[in-house]
Amino acid sequence: MNNVLPEYRERHDLSQADLAEAVGVTRQTINAIERERYNPSLNLAFALAAHFDSHIEDLFSPS
Amino acid sequence: MAIHNSHRTEWNRLLFFGLLAAAFIAMLGLMISGFPAVAAVAFFILVGTATVLRGIDDSMFDERDTEIVRIASSNTIAVLSFSSAIFFPTMALLTALGYTEWPRWLSIISVFDATLFVVWVSTLLLARYHR
């Protein structure tokens, strides 16, 4: 699954650690998602979208 | 603040795995040294401390860790399945034909392997029943 998480995170001036803290996961998980080595669960995808006040499909798209 | 918490979580993860490694090493070392009671006490203390640490910091592991554990467990079951379905029957056949001997230690491993496989099938059926 492709994602634009790094762009959203940088636009909001957040570090991976900040975002991880905000959505309740480890920094390594955010890093793995951004590098497209891990697909988040629906719950985490919704949490990320909610944090950026957007929709899941704004952040993620099928590869 | 967030960065501080993230660093604390990473430190706790390292501490957790360090405690488990120390428990394993202490258990093995003290058993070999001839102190089984001390080995057991050291093991319980170290594993207990790790368990308490995990209880205190519930953000230490997340869904990706769960996924990694699931993959590792799946691979372990694949190894068990291979040994149950191919290795041990082949060894039994070769032993029956006189090409090799079946050592006692292999019997112990095969029974352990088969028992684990039965446990896995049981938990699989239980999981299916609840879904």
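Reading the values: the criteria
- Residues numbered from 1 in each chain as written.
- Chains lettered and ligands numbered in written order.
- Predicted model: local features only at pLDDT ≥ 70, side-chain atom pairs only at ≥ 80, totals over all residues.
- Heavy atoms only, no water.
- Helix = DSSP H or I, 4+ residues; strand = E, 2+ residues; numbered from the N terminus.
- Buried < 20%, exposed > 50% of the residue type's maximum accessible area, 1.4 Å probe, protein only.
- Polar contact = N/O pair within 3.5 Å; in protein donor to acceptor, adjacent residues only side chain to side chain.
- Contact = heavy atoms within 4.5 Å.
- pLDDT = per-residue confidence, 0-100.
- Expected span 1.5 Å × (residues − 1).
- Arc of directions from axis to C-beta.
- Buried area = accessible area lost by both parts, 1.4 Å probe.
- Salt bridge = Lys/Arg side-chain N within 4 Å of Asp/Glu carboxyl O.
- Nonpolar A, V, L, I, M, F, W, Y, C, P; charged D, E, K, R; others polar.

Enquirer: When you look at the side chain of R13 of chain B in this model, what are you seeing that I'm missing?
Expert: The residue R13 of chain B is located in helix α1 (residues 2-32) in this model. On the basis of relative accessibility, which here comes to 13%, the residue R13 of chain B falls in the buried class. At 2.9 Å, the side chain of R13 of chain B forms a polar contact with the backbone oxygen of M60 of chain B. Those residues in contact with R13 of chain B that sit more than four places away from it in its chain are T26 and Q28 of chain A together with M60, F61 and D65 of chain B.

Enquirer: Would you mind showing me how to read the confidence of the model for chain A here?
Expert: Caution is warranted with low-pLDDT regions, since their predicted coordinates should not be read in detail. Scored by pLDDT, chain A comes out at a mean of 95, with 100% of its residues at no less than 70. Within chain A, helix α2 (residues 16-23) of chain A has the poorest average pLDDT of any element, 93, and helix α4 (residues 42-51) of chain A the best, 97.

Enquirer: Even after reading the chapter, I still don't get the side chain of S110 of chain B, so can you show me in this structure?
Expert: Residue and element names in this part refer to chain B. Looking at the secondary structure, you find S110 in helix α4 (residues 104-130). The exposure class assigned to S110 is buried, which follows from its relative accessible area of 16%. A polar side-chain atom of S110 sits 2.8 Å from the main-chain carbonyl oxygen of S107. Those residues within four positions of S110 in sequence are excluded, and the remaining contacts are F88 and W102.

Enquirer: Any chance you could explain helix α2 (residues 36-56) of chain B here in plain terms?
Expert: Turn by turn, an α-helix covers 3.6 residues, leaving residues three or four places apart pointing in a common direction. Residue and element names in this part refer to chain B. For α2, which comprises 21 residues, the first-to-last C-alpha distance of 30 Å matches the rise-based estimate of 30 Å (1.5 Å per residue) to within 8%. Within the span of α2, buried status applies to A39, A42, A50 and L53. Here the buried residues of α2 occupy an arc of 75° about the axis, which is enough to place them on one side. Away from its buried face by more than 90 degrees, α2 exposes A37, F44, I45, T51, V52, G55 and I56.

Enquirer: Just checking my understanding: could you explain the interface of chain B and chain A for this structure?
Expert: It is common to give the size of an interface as the accessible area that goes away when the parts come together. Facing the 13 residues of chain B at the interface are 14 residues of chain A. Here chain B packs against chain A, burying approximately 1100 Å² in sum over the two surfaces, 49% of which is carbon and sulfur. If you look at where chain B meets chain A, you find 1 salt bridge. Close ionic contact of E10 of chain B with R27 of chain A constitutes a salt bridge, the shortest N to O distance being 2.9 Å. For the pair chain B and chain A, the interface holds 5 residue pairs in polar contact (both at pLDDT 80 or more). Among the secondary structure elements, those contributing two or more residues to the side of chain B that touches chain A are α1 and α3 (63-96) of chain B. With 7 residues, the top contributor of residues to the side of chain B that touches chain A is α1 of chain B. Tallied by class, the residues present in the side of chain B that touches chain A amount to 3 nonpolar, 4 polar and 6 charged.

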